[in-house]
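Chain by chain, the residues run as shown.
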Amino acid sequence: FLLISSADPAAITPQDPTLTIGSSLIASCTVDPDITLKVEDLFWTLNGRRLPAELYKILNGTALSVILNNLNGSKQQSGDNLVCHGKDGRILAGSCLYVGLPPEKPTNITCWSKNMKDLTCKWAPGSEGETYLHTNYTLKYKLRWYGRDNTCLEYHTMGPYSCHIPKDLALFTPYEIWVEASNRLGSTTSDIITLDILDVVTTDPPSDVHVSRVGDLEDQLSVRWSSPPALKDFLFQDKYQIRYRVEDSTEWKVVDDVGNQTSCRLAGLKPGTVYFVQVRCNPFGIYGSKKAGIWSDWSNPTAASTPRSERITGVCDPKSGEQNSTLRRELKQFFGWVKKHAYGCSNLSIKLYDQWRVWLQKSHKTRNQVG
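Residues numbered from 1 in each chain as written. Predicted model: local features only at pLDDT ≥ 70, side-chain atom pairs only at ≥ 80, totals over all residues. Heavy atoms only, no water.

1. Re the sheet that holds strand 20 (residues 207–214)
What counts is decided by this rule: Note: two strands are recorded as paired if DSSP finds a minimum of 2 bridges between them. Where helices and strands are cited, they refer to DSSP runs of H or I of at least four residues and of E of at least two residues respectively, numbered from the N terminus. Angles run from 0 to 180 degrees between N-to-C directions of axes, and those axes are lines fitted to C-alpha atoms, restricted for helices to the stretch in contact.
If you trace the three strands from one edge of the open sheet to the other, you get 20-21-24, paired in antiparallel fashion. Only two strands of the sheet have a single partner each, and these edge strands are strand 20 and strand 24 (263–266). The mean angle between the axes of side-by-side strands here comes to 20°, regardless of whether they run parallel or antiparallel. One ladder, built from six bridges, connects strand 20 with strand 21 (residues 217–226); its direction is antiparallel. Following the sheet pairing, serine 212 is matched in strand 21 by serine 222.

2. With respect to the sheet that holds strand 22 (residues 237–246)
Taken in spatial order, the four strands make up an open sheet running 23-22-25-26, and their pairing is antiparallel. Single-partner strands in this sheet number two, and they are strand 23 (253–259) and strand 26 (302–305). On average, adjacent strands in this sheet sit at an angle of 30° to one another, irrespective of strand direction.

3. Observations regarding the environment of threonine 131
Our working definition: In this scheme, a residue with accessible area under 20% of its type's maximum is buried, one over 50% is exposed, and one in between is partly exposed, where area comes from a 1.4 Å probe on protein chains only. Whenever two N or O atoms come within 3.5 Å, that pair is a polar contact, provided that in protein one can donate a hydrogen and the other can accept it, and provided that, for residues adjacent in sequence, both atoms are side-chain atoms.
Turning to its location among the elements, threonine 131 is positioned in the loop between strand 11 (119–124) and strand 12 (136–143). What makes threonine 131 buried here is its relative accessible area of 5%. Once the C-alpha coordinates of threonine 131 and glycine 73 are considered, the two residues, 58 residues apart in sequence, prove to be 7.8 Å apart. In this structure the side chain of threonine 131 is engaged in a polar contact, spanning 2.9 Å, whose partner is the backbone oxygen of leucine 133. Side-chain polar atoms of threonine 131 contact the side chain of threonine 135, separated by 2.9 Å.

4. Observations regarding unusual backbone geometry
Omega for the peptide link from threonine 13 to proline 14 comes to -5°, which places this bond in the cis form. Looking at where proline 14 falls in the secondary structure, it is placed in the loop between strand 1 (10–13) and strand 2 (18–20). Despite not being glycine, asparagine 70 shows a phi value in the positive range, around 50°. Residue placement: asparagine 70 occurs in the loop between strand 7 (63–68) and strand 8 (80–85). Even without a glycine there, the phi angle at histidine 156 is positive, about 60°. As for its placement among the helices and strands, histidine 156 is situated in the loop between strand 14 (154–155) and strand 15 (162–165).

5. Some words on the packing of aromatic side chains
As a reminder, the rule being used: Two rings belonging to Phe, Tyr or Trp (six-membered ring only in the last case) form a pair when the distance between their centres is within 6.5 Å. Interplanar angles under 30 degrees mark stacking, angles over 60 mark edge-to-face geometry, and anything in between is tilted. Think of it as a cone above the ring: NZ of Lys or CZ of Arg counts as a charge over the ring if it is within 6 Å of the ring centre and within 35 degrees of the ring normal.
This model, assessed by the stated rule, comprises five aromatic pairs. Judged by centre distance (6.3 Å) and plane angle (45°), the ring pair of tryptophan 123 and tyrosine 137 falls under tilted. One end of the pair, tryptophan 123, is in strand 11; the other, tyrosine 137, is in strand 12, and 14 residues separate them in sequence. Neither residue differs from the other here; tryptophan 123 and tyrosine 137 are each classed as buried. Here a set of aromatic residues connected by ring pairs shows up, and it is made of Trp123, Tyr137 and Tyr161. Arginine 50 extends its terminal NZ or CZ atom over the ring of phenylalanine 43, reaching a point 3.8 Å from the ring centre. Over the ring of tryptophan 252 we find arginine 243; its NZ or CZ atom is 4.2 Å from the centre of that ring.

6. Some words on a nonpolar patch on the surface
Keep this limit in mind: Only residues above 30% relative accessible area that lack a salt bridge enter a patch, with like-charged residues linked at up to 9 Å and the nonpolar side chains Val, Leu, Ile, Met, Phe, Trp and Tyr linked at up to 5 Å. All accessible-area figures derive from a Shrake-Rupley calculation using a 1.4 Å probe, and residue coverage is judged against the displayed protein chains alone. The salt bridge criterion pairs a side-chain nitrogen of Lys or Arg with a carboxyl oxygen of Asp or Glu, the two atoms within 4 Å.
Together, Ile21, Leu101 and Tyr132 make up an exposed nonpolar region whose accessible area comes to about 220 Å². Looking at where tyrosine 132 falls in the secondary structure, it is placed in the loop between strand 11 and strand 12. Residue class for tyrosine 132 comes out partly exposed when judged on its relative accessible area of 32%.

7. Some points on the state of the cysteines
Put simply, the test is: In what follows, a disulfide is any cysteine sulfur pair within 2.5 Å.
What the rule picks out here adds up to three disulfides. The disulfide partner of cysteine 29 is cysteine 84, and the S-S distance across this bridge is 2.2 Å. Its S-S torsion of about -80° marks the bond between cysteine 29 and cysteine 84 as left-handed, since a negative value means left-handed. Here the residue cysteine 29 occupies a position in strand 3 (residues 25–31), and cysteine 84 occupies one in strand 8, the gap between them amounting to 55 residues. The class for cysteine 29 is buried, based on a relative accessible area of 0%. Cysteine 84 sits in the buried class, given a relative accessible area of 0%. Across a sulfur-sulfur distance of 1.9 Å, cysteine 152 and cysteine 163 are joined as a disulfide pair. Disulfide cysteine 152-cysteine 163: the torsion about the S-S bond is -100°, which places it as left-handed. Separated by eleven residues along the polypeptide, cysteine 152 in the loop between strand 13 (150–151) and strand 14 and cysteine 163 in strand 15 bring together distant segments of the chain. The exposure classification of cysteine 152 matches that of cysteine 163, with both residues buried.

8. Quick look at the nonpolar core
As a rule of thumb, soluble globular proteins bury nonpolar side chains together. As a reminder of what qualifies: To qualify as a nonpolar core, a set must consist of buried Ala, Val, Leu, Ile, Met, Phe, Trp, Tyr and Cys residues joined through side-chain atoms within 4.5 Å. Throughout, a contact is declared for two residues whenever any of their heavy atoms are within 4.5 Å.
Among the nonpolar cores identified, the biggest contains 24 residues, and Trp44, Leu51, Leu68 and Leu82 are the most heavily contacted of them. Of all the secondary-structure elements, those providing two or more residues to this core are strand 1, strand 3, strand 4 (43–46), strand 7, strand 8 and strand 9 (91–100). When neighbours within four sequence positions are excluded, leucine 51 is seen to be in contact with Trp44, Thr45, Leu46, Tyr56, Val66, Leu68 and Leu82.

9. A closer look at the pairing of strand 4
The alternating pattern of strand 4 places Phe43 and Thr45 on one face and Trp44 and Leu46 on the opposite face, and all of these are buried. Judged from the four bridges that link them, strand 4 and strand 8 form a sheet pairing that is antiparallel. Its bridge partner being in strand 8, phenylalanine 43 is matched across the sheet by histidine 85. Bridging between strand 4 and strand 5 (residues 49–50) involves two bridges; their strand directions are antiparallel. From the neighbouring strand, threonine 45 faces strand 5, where its bridge partner is arginine 50. Adjacent in sequence and paired antiparallel, strand 4 and strand 5 are bridged by two residues, among which asparagine 47 carries a positive phi angle near 55°.

Here it is in structure tokens:
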């Protein structure tokens, strides 16, 4: 027996049900017998779309039912709107249908600490992730051997499945971290991960990145930067990566063998070309941690251009041309030796090579002017 208040012309049962995908539902709309409404004049809509009359069944003089088979997931997490209407389209009553799936076990929890001052964690919502229902995710953490459960409060800081713990974290003690997921159809919990803050440290990008020309060398640029200031007082090691690209390209080239120095020479570049350069840092071995560090974000791009080539072709003096050919061949051999023994950012014999290049260019200009 359904009691209808005098303020409501009708009522729908069941009210706001939760069902799994593929379920069937029989709902009924019962009108107030004191209102002059004919049941045969009523009709149903789902999310504003009129349902066909063959799905209806008159139960008695005041009730009309509708059957919905093999329900799909709700189109909106706030529920699908099932509405009973009078003949003129007036809304008599409504109900929300929540159709979806229970949450899946969250996976792939990864965390990092910015300058050892906080902790941010991300996770995946399961193999599919889509439950069609509003699903709450709660990140929990506690000290491994003692202490109470704590709940992370700042969500969505690094994407839809993330949370940020801003302060009050202990060092030298491992934490247990897990994620709980729940919705109208159930709840589940991820596996617990264990980590030490010192093992997941990342830092700000290197600061004061400067890119400059190397004298008149048209195929080289010098890159200098400063170590991340936030970690200057801590005992740790650091290593760096550089990446660079030409102005009109989106393809970056990465220099991996920079090591822990704060300067590097980029060679083999195109003359008269603008390059964008970025640097990032990996702090590792903080207070003796044996885990690999986490790369920082890339620094903001810094631009510089290589000098334009001033070589003159078509020299008339055949002897000068022969000399140029010999010098180019010797330069190619010497450059091959440098590349083999001082690859990347090592300073081995680079200064001698630079001096020879400057002398060679000056001698070219002198001979060409005389010619």
